[in-house]
Amino acid sequence: MLKDRQELPYGVPGLRVALGEDGIAVLTLDRPEKRNALTRAMWQALPGLLRELAEEPGLRVLLVRGAGGNFSAGADIAELREVYADPATADDYHAVNVRAEEALTAFPHPTLAVLRGACVGGGCQLAVACDLRFAAPDARLGITPAKLGIVYPAVPTVRLTRLVGPARATYLLCSGELVPAATALVFGLVEEVAEDVEARALEFARILASRSAQTQGAVKAVIAAELGGGDPRAAVAGWERASRTAPDVAEGLAAFIERRQPKF
């Protein structure tokens, strides 16, 4: 299961990372007594932590989860009140926040958010920054700046809009209402709802880990280029050139003919 993994040494307060022999790493938001509310220190640590994690040999998939019964209740409100006491501090906080989101989106391997309980505000922002989201039936998702008078940054606003469409992004951001997992599935905010969401997420992560990292890397590069206003053909060109001599295609075709699972 997700807990039966070796803790890696570069965790920071509020964040834990563990890696299993199956190539699946688990990043845990670890402040269960605060429903995993995100502090500035946690946001600030994420880019460096993700850079180190991306260099782990054998890593194929990253799962992001919350400790206890929640993914994350969002920003630590007590800290946020201090942040907004000074305009310059507020500007810096949002810059740190967006850098963390972008670092998660740019992670070179597939990322999957495992959602239980509260997935609110900055927690939902992190979930949306992942490639995929699987939710438990008790998950409740929402982004709540309209309840606090906060102007949500452009980067996560655009990312949410591309995921669920402009009308549903408006519904979520302008109301600040939380939606249950079943509604989030209809909205396209999550990909699956499962009773034992951690078991299902691990099962799907193992499927991802068994597939070609070459194919997955190319997919992520093309999607990032398309969403970022770049040139998808240019983004995939290097992957295509490398694939002509890399072993993945030969192994995949041989495995198909031999009726066995490929070993990428």
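Residues numbered from 1 in each chain as written. Predicted model: local features only at pLDDT ≥ 70, side-chain atom pairs only at ≥ 80, totals over all residues. Heavy atoms only, no water.

Q: Please set out the sheet that holds strand S9 (residues 179–180) residue by residue, giving values where relevant.
A: In spatial order, the strands read S6-S8-S9; together these three strands make up an open sheet with mixed pairing. The open sheet is flanked by strand S6 (118–120) and S9, the only strands paired with a single partner. For S6 and strand S8 (residues 140–142), the ladder comprises three bridges, and the chain directions are parallel. Pairing of Val120 across the sheet is with Gly142, part of S8. The sheet contacts of helix H4 (residues 122–129) involve S6 and S8, and relative to S6 the element is tilted by about 85 degrees. (Pairing = 2+ DSSP bridges. Helix = DSSP H or I, 4+ residues; strand = E, 2+ residues; numbered from the N terminus. Contact = heavy atoms within 4.5 Å. Axes fitted to C-alpha atoms, helices over the stretch in contact; angles between N-to-C directions.)

Q: Residue-level account of empty space enclosed by the protein, with values.
A: Inspection of every chain in the model, using the stated rule, returns two cavities of 30 Å³ or more. Within this model, the largest cavity holds a volume of roughly 40 Å³. In terms of lining residues, the largest cavity is bounded by Leu27, Leu29, Leu46, Leu50, Val64, Ala100, Leu104 and Leu126. Sorting the residues of the lining of the largest cavity by element identifies strand S3 (24–29), helix H1 (40–54) and helix H3 (87–105) as the ones contributing at least two each. Class assignment of the residues belonging to the lining of the largest cavity gives a composition of eight nonpolar, no polar and no charged. Approximately 30 Å³ is the volume attributed to the second largest cavity. (1 Å grid on protein atoms, 1.4 Å probe; cavity = no way out; pocket = protein on both sides within 12 Å on 5 of 7 lines; lining within 4 Å. Points joined across faces, edges and corners; volume = space filled by probe spheres on them. Nonpolar A, V, L, I, M, F, W, Y, C, P; charged D, E, K, R; others polar.)

Q: Can you break down the layout of surface pockets residue by residue, with the values?
A: Of the pockets and cavities examined, the largest pocket occupies roughly 690 Å³. Along the walls of the largest pocket sit 25 residues, with Thr105, Cys130, Asp131, Ile223 and Leu227 positioned nearest its centre. Sorting the residues of the lining of the largest pocket by element identifies H4, strand S7 (132–135), helix H6 (154–164) and helix H10 (213–227) as the ones contributing at least two each. Residue contributions to the lining of the largest pocket peak at seven residues, all from H10. Classifying every residue of the lining of the largest pocket gives 15 nonpolar, four polar and six charged. Considering only enclosed or pocket space, the second largest pocket measures out at about 300 Å³ in volume. In terms of lining, the second largest pocket is formed by 20 residues, of which the most central are Ala75, Leu80, Gly121, Gly122 and Leu148.

Q: An account of helix H9 (residues 197–210) is needed here, citing residue identities and associated values.
A: Taking 1.5 Å of rise per residue, 14 residues should cover 20 Å, and H9 covers 20 Å from first to last C-alpha, within 8% of that figure. Residues Val197, Glu198, Ala201, Leu202, Ala205, Leu208 and Ala209 constitute the buried set of H9. Viewed along the axis of H9, the buried residues span an arc of 130 degrees, placing them on a single side of the element. Its buried side turned inward, H9 meets S3, strand S4 (61–66), strand S5 (111–115), S7 and H10. (Expected span 1.5 Å × (residues − 1). Buried < 20%, exposed > 50% of the residue type's maximum accessible area, 1.4 Å probe, protein only. Arc of directions from axis to C-beta.)

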